[in-house]
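Fold and contact review
Now for the letters of each chain:
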Amino acid sequence: EHLEANALTTVLVDSADGAGWPDAVCALRDHLTGVQEAGRAWSGAGDDPLGAELAPWLTDAAIEAEAGLAALRLIQQTYPVTRVSGDRAGEVVGPDPELAMIHAFALVFSWSAARGSKRVVFGPRFAFYPAVVQLEDGSPGLDVDLAVVEGQSAIDRLCRVALARYRAWARTRGSGDASRAVVGDVALPFPDARLD
């Protein structure tokens, strides 16, 4: 819960019903993009032993970051946006069902790839720690609550948030809330085909 990706996901969840969602998505986008850039920065390290040791971790981190970015793209697709014409007049454009579905599939496929990771880079999905404790009679025992950790991946949490948002949007499709549309000079976190 102390990972930056998890804290930024909490900010996103807290701002999901307000006008601050683009800033929250941008903050997470920048963090995940930075993780991907770290891998590219070390890829040219040559014979550096640290680069060789980090390589598999950075590869897995980049795959997981891509799943997180897919989640953010899907989240953006569930919000209405404002298309501004040359005379600064705006038109609210709701979510496009086909585009949203394509982004949902992209998320599921990239998340599936991320879940195949052998390394823990964004928090454990399942981990076991040998939490040996002393029992009341003085003999050793295993503290199961300390030993087994499940469901602590920040990427899994972000993907679930995105899919829950998509599901909620799909159930209420057609009753879009234009008040949540991005207006003014607020830039969208990702390019959006609805504005072309």
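The notes below deal with the structure included here. Just so you know, these numbers come straight off a predicted model, no measurement behind them.

**Observations concerning the pattern of salt bridges**
A side chain of one charge can pair with a side chain of the opposite charge if their charged atoms are brought near each other. Tallying each qualifying case throughout the model produces seven salt bridges. Of the charged contacts in the structure, one is a salt bridge between aspartate 60 and arginine 119, with a shortest N-O distance of 2.9 Å. Of this pair, aspartate 60 sits in helix H3 (residues 49–77) while arginine 119 sits in the loop between helix H4 (97–114) and strand S3 (126–128); the two residues are 59 residues apart in sequence, bridging distant segments of the chain. Under the relative-accessibility criterion, arginine 119 is labelled partly exposed at 25%. For the salt bridge of glutamate 66 with arginine 73, the shortest nitrogen-to-oxygen distance reads 3.1 Å. A single network of salt bridges, built from pairs that share partners, joins Glu64, Arg115, Arg125 and Asp156.

**Things to note about helix H2 (residues 21–43)**
Given a rise of 1.5 Å per residue, 23 residues ought to cover 33 Å, and the 33 Å separating the end C-alpha atoms of H2 matches this to within 8%. All buried positions along H2 are accounted for by Trp21, Pro22, Ala24, Val25, Cys26, Leu28, His31, Leu32, Val35, Gln36 and Gly39. On the buried face of H2, the contacting elements are helix H1 (4–15), H3 and helix H6 (154–171).

Thresholds, definitions, all that
Residues numbered from 1 in each chain as written. Predicted model: local features only at pLDDT ≥ 70, side-chain atom pairs only at ≥ 80, totals over all residues. Heavy atoms only, no water. Salt bridge = Lys/Arg side-chain N within 4 Å of Asp/Glu carboxyl O. Helix = DSSP H or I, 4+ residues; strand = E, 2+ residues; numbered from the N terminus. Buried < 20%, exposed > 50% of the residue type's maximum accessible area, 1.4 Å probe, protein only. Expected span 1.5 Å × (residues − 1). Contact = heavy atoms within 4.5 Å.

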